[in-house]
Amino acid sequence: MTDTTTMRDSDAERLRRWRLVLGGDQADGTGVALSGRDAAMDGTLTALYGRNDKAGKSPAGRERSAGLGGSAPSVARWLGDIRTYFPSSVVQVMQRDAIDRLGLAALLLEPEMLEAVEADVHLVGTLLSLNKAMPETTKETARAVVRKVVEDLEKRLATRTRATLTGALDRSARVSRPRHHDIDWNRTIAANLKHYLPEYRTIVPERLIGYGRAAQSVKKEVVLCIDQSGSMAASVVYASVFGAVLASMRSISTRMVVFDTSVVDLTDQLDDPVDVLFGTQLGGGTDINRALAYCQSKITRPAETVVVLISDLYEGGIRDEMLKRVAAMKASGVQFVTLLALSDEGAPAYDREHAAALAALGAPAFACTPDLFPEVMAAAIEKRPLPIPDTARQAGWGDLPNKCTP
């Protein structure tokens, strides 16, 4: 009896969920009527997903009156409702869909709307794209929203990034014949344990491990070259945060350049990633060659420089010149990395021909999550093969010439 009751409850819950997914049209086949909280939840879903965008009709052909309309108060109520009924991760997806499907971006120019939304990376990208149209009364609220997201990202990413890159810098600075004061005794002893002489109760260190005199000076130079076309919004946000973290490390000299058809050097603003973000202008064309030409002109120590190009590689400039420029940087000793995206979104749309051409030059091109970025940078600093994600290899990028290794 208990098993039968449990099965019935499970079936009822399954039908309830399908009813919420399918929207209650006659053809949904569930026969379930909703009430109370379920009905209210269904109303928030219907307002966003319950109508055909092209015809204004439901899939069954009936006119649908549901929707958010153009009223700021009604949208604000809807934003409050979805935060009541759904977890934060779902709320962020629904907000994004509302902006894309119902054209609500303009309402984000109103301060009261910004105070009602659930802030995330994608919302920051939308705000940045609206930056030039944003009235002064909204900009202070927008900066507060962006700062909250940036601070959350820094808390999540900064400590691990600094620790990972500090270790990479230390390893890259090791020398085989250090002066006495530069010897790393712990590592030297560990490396020479096999040379222990029991009769003398001592170790004869045949190999010394230590660091050069420049251990406290700038060891590496990093150039972040970031495509600010509209499709790269999330990458711009993450890159700005990482740029600020790298700039806070005295052993790394960091330059940040953003580009579309023009090039803007935001290095002077790296102490505050919010200033960096509001210095970008999402949208427009793309001239990768022009951006790389500027970055190349700023390189003074090629053998100690890492250039990270973050772009979907849809080049609007001179393709052959772009590739020649990358080849020249590689030949001079620069470690060159191409990230098709720096985000949690997975593999983006990208120019496969350009990705293959860069891979043939020994400059791997792959999408990178924020969590993997410190490992990618550490590998580039140490001049070892990059940790290309398995998803990239499965997509065929790992089978490109040179197997995408530097």
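Residues numbered from 1 in each chain as written. Predicted model: local features only at pLDDT ≥ 70, side-chain atom pairs only at ≥ 80, totals over all residues. Heavy atoms only, no water.

1. Quick notes on the sheet that holds strand S6 (residues 252–259)
Taken in spatial order, the six strands line up as S7-S6-S5-S8-S9-S10 in an open sheet, and their pairing is mixed. If you trace the sheet from one side to the other, it starts and ends with strand S7 (263–265) and strand S10 (365–368), each paired once. Averaged over all pairs of adjacent strands, the angle between their axes in this sheet comes to 25°, without regard to strand direction. Summarising the sheet, S6 and S7 pair through three bridges and their orientation is antiparallel. Bridged to Val258 within S7 is Val264. The strands touched by helix H11 (residues 288–297) are strand S5 (220–227), S6, S7, strand S8 (305–310) and strand S9 (335–342); relative to S6, the strand with the most contacts, the crossing angle is about 155°. (Pairing = 2+ DSSP bridges. Helix = DSSP H or I, 4+ residues; strand = E, 2+ residues; numbered from the N terminus. Axes fitted to C-alpha atoms, helices over the stretch in contact; angles between N-to-C directions. Contact = heavy atoms within 4.5 Å.)

2. Here we look at the confidence of the model for the protein
It should be kept in mind that the predicted coordinates are not to be read in detail where pLDDT is low. Looking at the protein as a whole, the pLDDT averages 80, with 81% of positions reaching at least 70. Mean pLDDT values over the elements of the protein span from 51, in helix H15 (residues 390–394), up to 97, in S8. The low-confidence segment residues 53–66 (pLDDT under 50) makes 21 contacts with residues lying over four places distant or belonging to another chain. Within the model, pLDDT remains below 50 along residues 393–406, and this stretch shows 39 contacts once partners closer than five positions in the same chain are excluded. (pLDDT = per-residue confidence, 0-100.)

3. Here we look at the pairing of S6
Counted residue by residue, S6 has six buried out of eight residues, so it is predominantly covered. With eight bridges connecting them, S5 and S6 associate as parallel partners. Its bridge partner lying in S6, Val222 is registered against Thr254. Taking the residues between adjacent antiparallel strands as the criterion, S6 and S7 are bridged by three residues. (Buried < 20%, exposed > 50% of the residue type's maximum accessible area, 1.4 Å probe, protein only.)

4. Remarks on the packing of aromatic side chains
According to the stated counting rule, one finds one aromatic pair in the structure shown. Aromatic side chains Phe242 and Phe373 sit 4.5 Å apart centroid to centroid with 40° between the ring planes, which places their arrangement in the tilted category. Note that Phe242 is positioned in helix H9 (residues 233–247) and Phe373 in helix H14 (residues 373–382), a separation of 131 residues in sequence. Here Phe373 falls in the buried class, since its relative accessible area comes to 1%. (Phe/Tyr/Trp six-rings, centres within 6.5 Å; stacked < 30°, edge-to-face > 60°.)

5. Considering unusual backbone geometry
Look at Leu313: it is not a glycine, yet its phi comes out positive at around 70°. The residue Leu313 is located in the loop between S8 and helix H12 (319–332) in this model. Phi angles above zero are rare outside glycine, and Lys383 is one such case at about 60°. Inspection of the secondary structure assignment puts Lys383 in the loop between H14 and H15. Using a relative accessible area of 43% as the deciding quantity, one classes Lys383 as partly exposed.

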